[in-house]
Structures are given as structure tokens and as C-alpha cells.
Amino acid sequence: MTYEKVTENVYAITDGSTRGNVAAFVLPSEIIFVDSGMSLPFIRKFREELEKETGKKTSTLVITHTHFDHVAGNQVFKDCRIIASKHTKERMVHSKENDWTPEKFEEWKKTAEDPSALDGFEYVLPTEIFENNIELEDYETKIIIKNTGGHTAGSSYVYYPEAKALIAGDNLFINSFPWAGDQSANPQKWIDTFKEYLSLDVEYFIPGHGPVSTKIEVQEYLDYFDKVVVLMRKMITQGFSEDKIVEKANEVEFHPPKREQWKEMSLKKWHQVLSQK
Ligand SMILES: [Zn+2]
């Protein structure tokens, strides 16, 4: 695991060692982490080293969305505020009671690539929720957290205007096809989110997976989503079958062509949402 200094007061692990990316904003008197990845030893190390390097303490963990590869390390921040959108907390409560019970966790360990990454695991829930957005303040510095939906209904971004940095969670999957298998994924909200990203003064986008990026990559994703959604809406109006629509949408080229095994499943999900009204 190596963490990088993205810009002044912004740090991130984007090398895949924690599965979901983990990032941190250093404010005048405190540190805020965003997402907790899937490796307890690496997250502990990241927190310890950053606190040592900056001489500041961590006050807060913000969760971008409910998926396990973004929340499994929450226990490293048990002494902090843990903030998530209302939707995300609801899904996490459900997940804790159904998907990550101690029995199911033992099952998971049997097939996990590196079960020791979660030795002593405990599912820790958010301690605070917000409905649509919330702002955190530290002296003159402001952090804006906003629930936009897209990848999941609870998906939220964490924006640090002074640093021109935004942590997007899985609304940005840089260098691979954007996984849309979640029950609450919504392509229209995803498009609106990309447009909002482009309207903000941001130079550094930290995605949920992949390297730190710029508005160029956001625009590429927006163009792809736009093409697919326009095509699907048109074909739905014309009365084509799901199979035909997904087949045609599958022909829309996606760049870069990576993790395309997710493509057809994601397109089916988008078709299902778009044909709902
Ligand atoms: Zn996700």
C-alpha cells in the first residue's frame, strides 16, 4: 500500500490495495477521511502515518455509499463521527443484518483472496446521517457533502473547494466500465451528477476505483452515458424489446474497454430504470 499526496492537504490510496479507494482531506485543525476500504492493516497505517505527518487528529469519516469495499474498514474510525446519507445508512443497516452476519462473514473468508485483510472485522455503522447535503466547517475551510444518487441511491460526493478536489465514490470508475448492478442504480441521476461535477471548480477527481482524474475523464463518461440513455429512451418509445435495446446499446463503444464483463448487466439495469414510467 502506498498513499499519494494528490495536492496540498489531499491524500489518497488509489493503488487498489484497499479495493475501494480511500482518501483524506487535511483541514486547519483536523483530518477527514472518506471511505474506509477493505484492508484493516492498510487503513490503520494510512491513518497513523497521516496523523504523524500532519500533527493533526482525525475527527470524521465520511462514507460515499453502502458497498462493502468502501465501508469494511469503518472500525478503524470508531472513535470518530461517521457520516453518511440517509439512504446509505439504511442500506448499511440492512446489509449488516442480512449480508454480513458473523456466519456469512465466515463463509466469505473461505473464498476471499486475502482474508487476513479483515482479521477481527466488525461491521460499524454511521453515527450521523444527512438528508440531501451537509457542510462541515473548520475555521474558514468548508467541506460540502451531497447525496446525488447514480451508482446507488445514497451515493454522495465530498468536495473540498479550497483544494479544488472532489471525492466521487463509485460514481466514477476510472479506466473501467462503471458497474451498475446495484438495485438503486439510476443512469439519469448518474448523468446529472456528471454535469454537476463539471459545473464545480474541481481539478482533482478522486474516483471510487482507479487513478485521480480530471474533467476530461468526467466528460468522457458523460458522453458515453448520454449516448446510451438517448438511444435507450428512443427505442423504448418506439416499442422495441429489452433484448433488442440492450443489444443496440451494447454496440455503443465504451472507452477504455476494460471490465466490459459488467457492460451487459449494467445496460440491462439502466434499461429497466428507464422503461419504468
Ligand atoms: Zn460501489
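Structural data are supplied above this passage.
Computed from a predicted model, the values in this text were never measured in an experiment.

Participant: Provide a residue-level description of the coordination of the zinc ion, including the pertinent values.
Facilitator: Around the zinc ion, the protein contributes the donor atoms His 65 (NE2), His 67 (ND1), His 151 (NE2) and Asp 170 (OD), which lie 2.1 to 2.2 Å from the metal centre. Each of the four donor atoms bound to the zinc ion contributes to angles spanning 88 to 169°, and the resulting shape is irregular. Between consecutive donors of the zinc ion, the numbers of intervening residues give the motif H-x1-H-x83-H-x18-D. Of the two residues, His 67 sits in the loop between strand E5 (58-62) and helix H2 (68-71) while His 151 sits in the loop between strand E9 (141-147) and strand E10 (156-160), which places them 84 residues apart along the sequence. There is no split in this pair, since His 67 and His 151 are both buried.

Participant: Explain the pairing of strand E8 (residues 133-138) to me, and be specific about the residues and the numbers.
Facilitator: The alternating pattern of E8 places Ile 134, Leu 136 and Asp 138 on a buried face, while none of Asn 133, Glu 135 and Glu 137, on the opposite face, is buried. Across six bridges, E8 lies against E9 in antiparallel orientation. Looking at E9, one finds that Ile 134 is bridged to Ile 145. The turn linking E8 back onto E9 is made up of two residues, and Tyr 139 within it adopts a positive phi angle of 55°.

Participant: Could you give me a rundown of the packing of helix H5 (residues 187-199) against helix H6 (residues 215-237), with the residues and numbers involved?
Facilitator: Running from N to C, H5 and H6 cross one another at 150°; their axes reach a closest spacing of 9 Å. For the element pair H5 / H6, the angle class is roughly antiparallel. Seen from above, H5 lies across H6 with left-handed handedness. Contacts between H5 and H6 pair Pro 187, Gln 188, Trp 190, Ile 191, Phe 194, Lys 195, Tyr 197 and Leu 198 from the former with Lys 215, Val 218, Gln 219, Tyr 221, Leu 222, Phe 225, Asp 226, Val 229 and Arg 233 from the latter. For the contact of H5 with H6, the per-class residue count stands at eleven nonpolar, two polar and four charged.

Participant: Could you give an account of H5, naming the residues involved and the relevant values?
Facilitator: Taking 1.5 Å per residue, 13 residues should reach 18 Å; H5 reaches 19 Å between its end C-alpha atoms and fits that length. Within H5, the full set of buried residues consists of Pro 187, Trp 190, Ile 191, Thr 193, Phe 194, Glu 196 and Tyr 197. Measuring from the side-chain oxygen of the N-cap residue of H5 to the backbone nitrogen of Gln 188 gives 2.9 Å; that N-cap residue is Asn 186.

Participant: An account of the packing of aromatic side chains is needed here, citing residue identities and associated values.
Facilitator: A complete count under the given rule lists 29 aromatic pairs for this structure. Look at Phe 33 and Phe 46: their rings are 5.2 Å apart centre to centre, the planes differ by 85°, and that puts the pair in the edge-to-face class. Within this pair, whereas Phe 33 is found in strand E4 (residues 31-34), its partner Phe 46 is found in helix H1 (residues 40-54), the two being separated by 13 residues in sequence. Grouping residues by exposure puts Phe 33 and Phe 46 together as buried.

Participant: Hey, could you go over the packing of H6 against helix H7 (residues 242-250) for me, with residue numbers and the actual values?
Facilitator: Following both chains from N to C, one finds H6 and H7 inclined at 155°, their axes separated by 10 Å at the closest point. In terms of orientation, H6 and H7 fall into the roughly antiparallel class. In the packing of H6 onto H7, the handedness of the crossing is right-handed. Contacts between H6 and H7 involve Val 228, Leu 231, Met 232, Met 235 and Ile 236 on the former and, on the latter, Lys 244, Ile 245, Lys 248 and Ala 249. Split by residue class, the contact of H6 with H7 holds seven nonpolar, no polar and two charged.

Participant: Describe the nonpolar core, and please don't skip the residues or the numbers.
Facilitator: In this structure, Leu 166, Phe 194, Tyr 197, Tyr 224 and Trp 270 are the most contacted members of the largest nonpolar core, which totals 35 residues. For this core, the secondary-structure elements that each account for two or more residues are E10, strand E11 (165-173), H5, H6, H7 and helix H8 (263-274). Ranked by residues supplied to this core, first place goes to H6 with nine residues. Those residues in contact with Tyr 197, other than ones at most four positions away along the chain, are Tyr 157, Leu 166, Ala 168, Asn 171, Leu 172, Phe 205, Lys 215 and Val 218.

Participant: If you had to explain the sheet that holds E4 to someone new, which residues and values would you point to?
Facilitator: The mixed open sheet is built from seven strands, whose spatial order is E1-E2-E3-E4-E5-E6-E7. Edge strands, defined here as strands with exactly one partner in the open sheet, are strand E1 (4-7) and strand E7 (128-130). The average undirected angle you get between the axes of adjacent strands in this sheet is 25°. Packed on one face of the sheet, H1 meets strand E2 (10-13), strand E3 (22-26), E4 and E5 and runs near 20° to E3. Across the sheet, helix H3 (residues 86-98) lies against strand E6 (81-85) and E7, angled at about 105° from E6, the strand it touches most.

Participant: Provide a residue-level description of the pairing of E2, including the pertinent values.
Facilitator: Moving residue by residue along a regular strand, the side chains alternate between the two faces of the sheet. Residues of E2 alternate between two faces, with Val 10 and Ala 12 on one and Tyr 11 and Ile 13 on the opposite face, all of them buried. Hairpin connection of E1 to E2: two residues between the antiparallel strands, including Asn 9 at a positive phi of 70°.

Reading the values: the criteria
Residues numbered from 1 in each chain as written. Predicted model: local features only at pLDDT ≥ 70, side-chain atom pairs only at ≥ 80, totals over all residues. Heavy atoms only, no water. Donors = N, O, S within 2.8 Å, 3.2 Å for Na, K, Ca; no water. Tetrahedral: all angles 85-135°; square planar, octahedral: opposite > 155°, others 65-115°. Helix = DSSP H or I, 4+ residues; strand = E, 2+ residues; numbered from the N terminus. Buried < 20%, exposed > 50% of the residue type's maximum accessible area, 1.4 Å probe, protein only. Pairing = 2+ DSSP bridges. Axes fitted to C-alpha atoms, helices over the stretch in contact; angles between N-to-C directions. Parallel < 35°, antiparallel > 145°, perpendicular 65-115°, else oblique. Left-handed = near helix turned anticlockwise from the far one by under 90°. Contact = heavy atoms within 4.5 Å. Nonpolar A, V, L, I, M, F, W, Y, C, P; charged D, E, K, R; others polar. Expected span 1.5 Å × (residues − 1). Polar contact = N/O pair within 3.5 Å; in protein donor to acceptor, adjacent residues only side chain to side chain. Phe/Tyr/Trp six-rings, centres within 6.5 Å; stacked < 30°, edge-to-face > 60°. Core = buried A, V, L, I, M, F, W, Y, C linked by side-chain atoms within 4.5 Å.

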